[in-house]
Amino acid sequence: MIERFLNFVIRLSVTQPLAVLLSGLCLGISFVYVAFLPIDLSFSGVMDRSHPQVSKYFEVSARLGLGGRLLVLLEGPEAELDSVLPEIQLVLDGLDPVESVWLAPSRDYFVQRAPWMVERELFDRWVASADGETPDLDYESLLAQWESAGSRFLPPAPYGARLVTIRMTRDSFELALDAEDFSEIRAAVAEVLSPTNIEARFAGMSAIVQQENEATLSRIRLLGPLSMILVLCILFSIVRRFALLATIALPMLLSVGCTLTLVGLLEGRLTLMESIFGVIVFGLGVDFAIHLLVRLSEERDAGFDFSVALRRAMTGTGRGVVAGGVTTAGAFLLLTLAPEPVFYRLGLAGGVGLALCLLFLLLLLPAQWTLLERVRPGLVRIQRPSKDGLLVWMAGQSAHFPRSVFLIAIAFSLLAGFLLPRVRYETNLERVFSPHIEAVETARRIHELFDLDPGPWVVSAADISEARRLHEAFAQDSTFSRVDSLALIETEDQAERGKILEALAPKLARHLRERSRTTRGQSASTLVGEGGFKGPPEALLLNAHTLGPPQRDSLPPALADRWVGPDGELLIYAFSAAPSMDSIVARQERRAAQAIAPDATSMSIIYEVLVGTDRPWMPAVVLSVLLFVGCVVWADLGKFRLAVIALVPVVASAVWTLGLLNALGFSFNTVSLVAIPVFFGLAVDDGIHVVHRMVELPGTPLRRVVGSVARSVAMTTWTTCASVALLLWTDHPGIESIAILLGVGLPMALLATVTLIPALATLWVGTDSTRQLV
């Protein structure tokens, strides 16, 4: 089948090259559609929303607007802060992306109602002092206890800092990917603060998503073209003909455009994973062209004219190119079996992209080279090296000393296997995505100043009794440092306190009148709240009795919006004692929270799932890739022992790579896991081409067989590594880990190919000739 297809391509390309070229260009016009596709380079764009915990979080978040909450930290001169807060609230209230703005309510609300809300022990001491039962009461001690109790209701207000909470109209996870909601809010705040000395910083998922996009997108846009330029520069050092380089670049550009367009049409957007593929596709796709060009040049050097040489190159090396392309594209496509979008998206883009790249190159390269040859005969070829290189020498030595080579390979494999248990896996999301996310550091600063974080654990209660029970349970758990709910002000003994204050009120009023007469012109003991209320303890109790207990219907809007859900349910917020984006910490928090309330949820669940180690499907995906690669190689080569010879270097290089990376302290992460199955698809290409040449040249010494393909497999390895290496400049540790893994693994595969294949072939037949193998 492959031979019939290749013969059809040759016949069509040689007889109608211009028509083939124009057809490819017309198909590639879809490239322009990429400019209109929404782009999301954040991790939120590749979240697994099918996970039960993640699904629960998004359901609650959509109803309560958790993902749309944006914290604004203001730091600057105290006087300016107080004056600028009302203006910020006024400006933000007028923006379409803003649903509401929450400023900390005046402490006067809590001070004037303190007797209803403080802990019972403090209330009893307060009443006793006012009733004259403890005349020697230390008022300073009472004030200190009040201030301590007051921190339960409101977070501390440090000098020189204020916190503004914005509830956005739309959840940050559900925003259109090209939306400017956060940018509009940021610009409005910056305009208000421009004449002041106040600095504003943002925290929350909206800020993380936008800042990660800004940090990564600019680099990705630059690295895509740089990848192609770098690969072509490597080729130019050998080809030295711009026209020939252009024939290779055109099909790759068209395939990238068509791939992004097709994936965009299927999925509705482009994400981080398609961006990675866009950078490395040039290194992957050029492999096909290199093998064909080197083989074509060899046939021309052997004395064949262009048309015959092209046919021999396509039907000879072309089979290996197709087999290698199918294994690599298939390895990518098998990633779509994974339930996680990170794997699915890269698998879809890689599989479709490499299949299209293979198709474009097989169709357009022969057509373009035929046209070039008609214009300038002899242009489509590269010069053979004057002498054999290091790889050829290594192949010869491996065929001559096969047992020694295998002993060395086994020793390295055992050493690498010994290091495998030391595999490190990065569970902290902060060390996986771009480090230039100011929102992460801002969240730490907010926790330090206000004992709050942007992602508290949230649970709802049907009534105040349940809310009190949950509030108390969270408060007793050391995992959480602060709990916030209506239970803070609607105490269980509210009715009893009312009776006590009712009975005490006449006596309090009489004491205050007597004190007023007897202390005129004298200093009296007073209880001063931080909100500005000043007076004797009796006055606070009498004032609280006059105002009555806090009522849910008369709460300040900021508290009502926070504590009462849209359907009337009561909301309890539990803030972590040590906020972190580490999946292990997030799992511990989830277990603690859901032991109290099974329906509790938090943004921390995203961290747990996104960078966690719980991926039971991963071995099945890797195994399916290995089985697919093995079956394709076996079907292509036709003999089991030839397939084994081609696959041994892949397995050996994988073990060596993992061992070396472990020894160097490399940490795997949720992104680098993608590269493991992809590595198998890429690494087998070299073995396929070497074994194919063994089949084509029966009876030829193994040194010469490897020498005939050494140049092309070396060039394909270096071009792929060069394009992958550019990912090291994304300033995104997750993406950079792919570059490290493939950058180490592919040269290992090349080394294993040129040493283990000759050694294994020699041991199998007892001679360094290929005749008995085929």
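Residues numbered from 1 in each chain as written. Predicted model: local features only at pLDDT ≥ 70, side-chain atom pairs only at ≥ 80, totals over all residues. Heavy atoms only, no water.

1. Things to note about helix H18 (residues 464–476)
Residue pairs spaced three or four apart in an α-helix point in one direction, given the helix's 3.6 residues per turn.
Turning to step 1, where the next piece is worked out: Between its first and last C-alpha, H18 extends 18 Å over 13 residues, near the 18 Å set by a 1.5 Å rise per residue.
Turning to step 2, where the next piece is worked out: Within the span of H18, buried status applies to Ile 464, Ala 467, Arg 468, Leu 470, His 471 and Phe 474.
Turning to step 3, where the next piece is worked out: Taken together, the buried residues of H18 touch strand S8 (457–461), strand S9 (480–484), strand S12 (570–576) and helix H22 (583–596). (Helix = DSSP H or I, 4+ residues; strand = E, 2+ residues; numbered from the N terminus. Expected span 1.5 Å × (residues − 1). Buried < 20%, exposed > 50% of the residue type's maximum accessible area, 1.4 Å probe, protein only. Contact = heavy atoms within 4.5 Å.)

2. Here we look at the environment of Leu 25
Turning to step 1, where the next piece is worked out: With respect to the helices and strands, Leu 25 occurs in helix H2 (residues 17–27).
Turning to step 2, where the next piece is worked out: Considering only alpha carbons, one finds Leu 25 and Leu 254, 229 residues apart in sequence, at a separation of 7.5 Å.
Turning to step 3, where the next piece is worked out: If sequence neighbours within four positions are ignored, Leu 25 has contacts with Leu 250 and Leu 254.

3. As for the sheet that holds S8
Turning to step 1, where the next piece is worked out: Strand order in the open sheet made by the three strands is S8-S12-S9, with antiparallel pairing throughout. The open sheet has two edge strands, S8 and S9, and neither has a second partner. Neighbouring strand axes in the sheet, compared pairwise and without regard to direction, differ in orientation by 20 degrees on average.
Turning to step 2, where the next piece is worked out: Looking at chain direction, S8 and S12 are connected through five bridges and run antiparallel. Bridge assignment links Ala 461 to a residue of S12, and that residue is Leu 570. (Pairing = 2+ DSSP bridges. Axes fitted to C-alpha atoms, helices over the stretch in contact; angles between N-to-C directions.)

4. Considering the packing of aromatic side chains
Turning to step 1, where the next piece is worked out: For the structure shown, the criterion picks out eight aromatic pairs.
Turning to step 2, where the next piece is worked out: Look at Tyr 57 and Phe 58: their rings are 5.6 Å apart centre to centre, the planes differ by 65 degrees, and that puts the pair in the edge-to-face class. Taken individually, Tyr 57 and Phe 58 each receive the classification buried, so the pair is uniform in this respect.
Turning to step 3, where the next piece is worked out: Consider the rings of Phe 182 and Phe 202, whose centres lie 5.4 Å apart with planes at 80 degrees: the pair is edge-to-face. Remark: Phe 202 occurs in strand S5 (residues 199–203) and Phe 182 occurs in helix H9 (residues 181–193); sequence separation between them is 20 residues.
Turning to step 4, where the next piece is worked out: Exposure remark for Phe 202: the relative accessible area of 4% places this residue in the buried category.
Turning to step 5, where the next piece is worked out: Just above the ring of Trp 102 sits the side chain of Arg 562; from NZ or CZ to the centre is 5.6 Å.
Turning to step 6, where the next piece is worked out: The lysine or arginine in question, Arg 562, covers the ring of Tyr 573, its NZ or CZ lying 4.4 Å from the ring centre. (Phe/Tyr/Trp six-rings, centres within 6.5 Å; stacked < 30°, edge-to-face > 60°. Lys NZ or Arg CZ within 6 Å of the ring centre and 35° of its normal.)

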